[in-house]
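# Inside the fold
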Amino acid sequence: MKVSSSNFKSNARQALDDKQLQSALNHVRNNFISKRSKARLDLPEFDALRDNARAIKDHTLEHLDFYLEHYERKVVESGGKVHWAADAVEARGIIMDICRKTNAKTVTKGKSMISEEISLNEFLAANSIIPVETDLGEYIIQLRGENPSHIIAPAVHLNIDQVRDEFRKAHTHLSPNRPMNEPETLLGEAREILRGKFLTAELGITGANFLVAETGSSLIVTNEGNGDLTQILPRVHVVLASIDKIVPTLEDLAQITRVLARSATGQEITVYSTLSTGPRRKEDEDGPEEYHVVLLDNGRSSMLGTEFSEMLRCIRCGACMNHCPVYQAVGGHAYGWVYPGPMGAVLTPSLIGVDKAGHLPNASTFCGRCEAVCPMRIPLPKMMRSWREREFEQHLVPPAHRKNLALWAWLAKHRRLYRLTTGLAARILAIRGGLSKRINKLPMAEGWTKHRILPAPEGATFMKLYRRRLRKGR
Amino acid sequence: MSSREQILKKIKGSLRKTQTVHTSDEQRNQAVLARINQHPRGIIPARTSLSRQDLLYHFCEKVKASEASCKIVESYEKAGIEIQKFLRQHNLPQLVRIGTDQRLNKLGWENEPPQLLIGPSDGQDLVCVSHAQYGVSETGTLVMTSGPENPTTLNFLPETHIILLNKKNLQESYEDSWAALRQRYGKEKLPRTVNMITGPSRSADIEQTLILGAHGPLRLHVIVIDGK
Ligand code: SF4
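Residues numbered from 1 in each chain as written. Chains lettered and ligands numbered in written order. Predicted model: local features only at pLDDT ≥ 70, side-chain atom pairs only at ≥ 80, totals over all residues. Heavy atoms only, no water.

## A look at the overall build of chain A
A count of helices and strands for chain A gives 23 helices and 12 strands. For a compact globule of 474 residues, the expected C-alpha radius of gyration is about 23 Å, and chain A comes in at 25 Å, within 12% of that figure. With the C-alpha coordinates of chain A rotated into their principal frame, the extents come out at 90 × 60 × 45 Å. Within chain A, residue pairs in contact and separated by at least 24 positions form 73% of the contacts whose partners lie at least 6 positions apart. Of the roughly 19,700 Å² that chain A leaves accessible, carbon and sulfur atoms contribute 54%. In chain A, the 66 positive side-chain charges and the 53 negative ones have mean positions that sit 15 Å from each other. (Helix = DSSP H or I, 4+ residues; strand = E, 2+ residues; numbered from the N terminus. Rg over C-alpha atoms; globule rule 2.2 N^0.38 Å. Contact = heavy atoms within 4.5 Å. Areas by Shrake-Rupley, 256 points an atom, 1.4 Å probe, with all protein chains shown as cover. Lys, Arg positive; Asp, Glu negative; His and termini not counted. Charge placed at Lys NZ, Arg CZ, Asp CG, Glu CD.)

Given below as structure tokens:
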């Protein structure tokens, strides 16, 4: 996927002006938050489970090399194959190789963010293999030639009219006058078309929510059942997963899945949680004949042991973006790469470099809600601050910003001058605000006031009030 | 150096940087083997510390909360009759696909028995009947294991899926099912597929509106055999 993270500012500006997008984002604002909060209240052990999930993942990361080796051994014992890929190029090459050996023409796909990370669809298509996304949201955005805007609800930026238009354009074999008003009929149409693909594809690619070292199993969770049809119907099943997906045992898996669905959609458990271990057995009458795992590093092993190591605990639940005021305002596409929201603001610079990720670590109000809801207790704001510092140190901050910051720093060090300036500024703003006490436009801060109204300051600065109170002896 | 060696070496190198107390690779390897061997249970929600009978009611409540239906019957004979009744109620043909699970031979029928198709599904079946390995009361989840007894395709291809569960196999938590699976399949082993199913398939990808019946079944009916 092309990276446009360095355009965050202009992307965000466009997003704020996009009326359709803004109405679609209401679904994020209204839905996810209340559902998670209810699920949390329904399980008194929720926070204790979060602590345990965090401890399990920390332990796993500290022993990652040995867990990976154990996992590999178990996959091989069950008749599967593990392919290690250092980066995106290698992972794509491995998959292409398996496709060739399978003689695959159509490949069905379960939702996988790693597949987005390595731009697999573009690559397969360029090699004359048709990739078919089967998650409804992924299917819709694939038709539109878009990337997901949310890690668990990829089409959350769209409304039903856009889906209808897309289906009308794509499904030309159906009558143009068919009824298409209800979401149910649209889903039925997609189900019908994708059923055909499931039954003809030679190879299915899924991601993995977790890899279990104890048994060499991959676990996927879906509500639609598309991931399951992707892995049981074609002759070959390929699991594409990054090395941080490992958990030690089935018990550890159960601990973490208890917080996953609740944090993501507010469900107690996703409809389908499926453990797959190797290819079909001698006695089986269905299931894939070959089982491959592509284990991708792509920069993760270098994150270990750094201040960003804790990011590897992430289980991709999406809670941090659902609760993020910046994400809620601009949606996922503005972030310009695969991973949006606070987790993206930390992960993107780690994986593709802080120079390319540009403004992302600044796409935060530092309100701290992301950390408060993260089931794996990842200190996202702290890590965003670390990236900001690195960005500044590496002189990646635009010169105008640097100058303003330097000026402010100088001013802040000179107490009296600082108070004088801020006091003056407050008075000017109060006058500008006039009777309405509102400021719609502010020179040098148009970016800020374009989409918000700045309340004009009333009365004195904090320091003035403070001194006045001290004098009154209160 | 292969990518495998390269990645493992990098991980070891990165981990060494952060170690405050020195732990040798051998010690770390032992810690891994010990955890896998002991597979410690973590926190188990207290909600399922119930009597056997209440565990069953809790299970059924959770099944219903997942948008599936749940019926308790006394015997396999009655379970068959319940299947027939369910098919009639939903205006479905008396034609079902099943696997070779021996327990299904005990199903009893009233009047004309339904026509049974045996073996995996090719996507043409309206109704499939499977036998669950376990049920988890905590969330109303059914644990299905692959094999000719209950082929995995039966869980996903039909529009209507009927799952039977023997109350003897009802567990409190997922952890209890893992223990039972280990007993049955051996240490560190699983059948090709273990499906944990909680409700019929669904999608909320169009404007976050929840719609039942995505790629898997639209309707899920659970029949628990509570043999006294
Ligand atoms: S950072 Fe935390 S909240 Fe965000 S997706 Fe990852 S686990 Fe979920």
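There is more to say after this.
## A closer look at the overall build of chain B
Assigned secondary structure in chain B consists of 6 helices and 12 strands. Its C-alpha atoms give chain B a radius of gyration of 22 Å, more than 25% over the compact-globule value 17 Å for 228 residues. Here chain B holds 228 residues, and the buried ones make up 56% of them. In chain B, 73% of the contacts between residues at least 6 apart in sequence involve partners at least 24 apart. For chain B, the accessible surface area stands at approximately 9,700 Å², while carbon and sulfur atoms represent 49% of it. (Buried < 20%, exposed > 50% of the residue type's maximum accessible area, 1.4 Å probe, protein only.)

## Some details on the domain arrangement of chain A
Taken domain by domain, chain A holds domain 1 (43–298) and domain 2 (400–471). Placing a centre on the C-alpha atoms of domain 1 of chain A and another on those of domain 2 of chain A gives a separation of 51 Å. (Domains from an automatic or database assignment.)

## Some details on the packing of aromatic side chains
This structure, assessed with the given rule, holds 6 aromatic pairs over all chains. Here the aromatic cluster, defined as three or more aromatic residues joined through ring pairs, consists of A:Phe8, A:Tyr327 and A:Tyr335. Note that A:Arg390 overlies the ring of A:Trp387, its terminal NZ or CZ placed 5.2 Å from the centroid. The ring of A:Phe66 carries B:Lys12 above its face, with NZ or CZ at 4.2 Å from the centroid. (Phe/Tyr/Trp six-rings, centres within 6.5 Å; stacked < 30°, edge-to-face > 60°. Lys NZ or Arg CZ within 6 Å of the ring centre and 35° of its normal.)

## Looking at the sheet that holds strand β8 (residues 170–171) of chain B
Spatially, the 8 strands line up as an open sheet ordered β8(A)-β5(A)-β6(A)-β9(A)-β9(B)-β6(B)-β5(B)-β8(B), and their pairing is mixed. Two strands in the sheet have a free side with no partner beyond their single neighbour: β8 (246–247) of chain A together with β8 of chain B. Pairing of strand β5 (residues 134–136) of chain B with strand β6 (residues 141–145) of chain B, which is carried by 3 bridges, proceeds in the antiparallel orientation. The partner of B:Tyr134 across the bridge, within β6(B), is B:Val143. Sheet strands in contact with helix α6 (residues 174–185) of chain B are β9 (272–276) of chain A together with β5, β6, β8 and β9 (193–197) of chain B, and its direction is about 165° off that of β5(B). (Pairing = 2+ DSSP bridges. Axes fitted to C-alpha atoms, helices over the stretch in contact; angles between N-to-C directions.)

## Brief notes about the pairing of β9(A)
All names here are of chain A. Counted residue by residue, β9 has 5 buried out of 5 residues, so it is predominantly covered. Where burial is concerned, the two faces of β9 agree: the one with Tyr272, Thr274 and Ser276 and the one with Ser273 and Leu275 are both buried. Looking at chain direction, strand β6 (residues 217–222) and β9 are connected through 5 bridges and run antiparallel. For Thr222, the partnering residue across the bridge sits in β9 and is Tyr272.

## Some details on the site of the ligand
Close to the ligand lie A:Cys314, A:Ile315, A:Arg316, A:Cys317, A:Gly318, A:Ala319, A:Cys320, A:Met343, A:Cys374, A:Pro375, A:Ile378 and A:Leu380. Residue classes in the shell around the ligand are distributed as 10 nonpolar, 1 polar and 1 charged. (Near = heavy atom within 4 Å. Nonpolar A, V, L, I, M, F, W, Y, C, P; charged D, E, K, R; others polar.)

## As for the nonpolar core
By size, the foremost hydrophobic cluster in this structure holds 126 residues, and its most contacted members are A:Met311, A:Tyr339 and A:Met343. Non-local contacts of A:Met311, meaning those with residues more than four positions away in its chain, are made with A:Met303, A:Met343, A:Val346, A:Leu347, A:Ile378, A:Leu380 and A:Met383. Core analysis: the second largest hydrophobic core is formed by 43 residues, A:Ile141, A:Leu158, B:Ala132 and B:Ile206 among them. (Core = buried A, V, L, I, M, F, W, Y, C linked by side-chain atoms within 4.5 Å.)

## Points about the interface of chain B and chain A
Counting residues at the interface gives 77 residues for chain B and 100 residues for chain A. Buried surface at the junction of chain B and chain A, both sides included, amounts to about 7,600 Å², of which 59% is carbon and sulfur. Across the chain B-chain A interface, the total number found is 12 salt bridges. For B:Glu175, the salt bridge is made with A:Arg258, and the minimal N-O distance between the two is 2.8 Å. Linking chain B with chain A are 42 residue pairs in polar contact (both at pLDDT 80 or more). At the level of elements, α1 (3–18), α2 (25–38), α5 (153–156), α6, β9 and β10 (202–203) of chain B are the ones that each hand at least two residues to the side of chain B that touches chain A. For the side of chain B that touches chain A, the leading source of residues is α1(B), giving 10 residues. Of the residues belonging to the side of chain B that touches chain A, the class tally is 31 nonpolar, 26 polar and 20 charged. Direction of pairing for β9(A) relative to β9(B): antiparallel, over a ladder of 5 bridges. Bridged to A:Tyr272 within β9(B) is B:Ile197. (Buried area = accessible area lost by both parts, 1.4 Å probe. Salt bridge = Lys/Arg side-chain N within 4 Å of Asp/Glu carboxyl O. Polar contact = N/O pair within 3.5 Å; in protein donor to acceptor, adjacent residues only side chain to side chain.)

## Overview of the pairing of β6(B)
Two faces make up the sheet, and in a regular strand the side chains alternate between them. All names here are of chain B. Within β6, 5 of the 5 residues are buried, which leaves it mostly tucked inside the rest of the structure. Where burial is concerned, the two faces of β6 agree: the one with Thr141, Val143 and Thr145 and the one with Leu142 and Met144 are both buried. Taking the residues that link successive antiparallel strands as the turn, the β5-β6 hairpin has 4 residues, and the phi of Gly140 there is positive, at about 70°. Where β6 meets β9, 4 bridges bridge the pair, whose relative direction is antiparallel. What sits directly across from Met144, in β9, is Asn195.

## What to know about the confidence of the model for chain B
If pLDDT is low for a region, its predicted coordinates should not be looked at in detail. The predicted model of chain B has a mean per-residue pLDDT of 96, with 99% of residues at 70 or higher. As scored by the predictor, the complex reaches a pTM of 0.90 and an ipTM of 0.97. (pLDDT = per-residue confidence, 0-100.)

## Focus on the pattern of salt bridges
Per the stated rule, a full pass over the model turns up 45 salt bridges over all chains. Residues joined by salt bridges that share partners form a network here, namely A:Arg54, A:Asp58, A:Glu310, A:Arg313 and A:Lys382.

## Description of the sheet that holds strand β2 (residues 106–109) of chain A
All names here are of chain A. If you walk across this open sheet you meet the 6 strands as β1-β10-β7-β4-β2-β3, and the pairing is parallel. A single partner strand is all that each edge strand has here, and the edge strands are β1 (81–85) and β3 (130–133). Here the average twist between neighbouring strands, direction ignored, is 25°. When strand β4 (residues 203–206) meets strand β7 (residues 236–242), the two strands line up parallel, connected through 4 bridges. If you follow Thr206 over to β7, its bridge partner there is Val239.

## A few points about the side chain of B:Thr198
With respect to the element layout, B:Thr198 can be found in the loop between β9 and β10. By relative accessible area, B:Thr198 is classed as buried at 6%. There is a polar contact of 2.9 Å between the side chain of B:Thr198 and the side chain of B:Thr141. For B:Thr198, the contacting residues outside a window of four places in its chain are A:Ile269, A:Thr270, A:Val271, B:Ser66, B:Thr139, B:Gly140 and B:Thr141.

## Quick word on the side chain of A:His83
All names here are of chain A. Turning to its location among the elements, His83 is positioned in strand β1. The exposure class of His83 is buried, given its relative accessible area of 16%. When residues no more than four places from it in sequence are discounted, the contact partners of His83 are Ile94, Ile98, His292, Val293, Val294 and Leu295.

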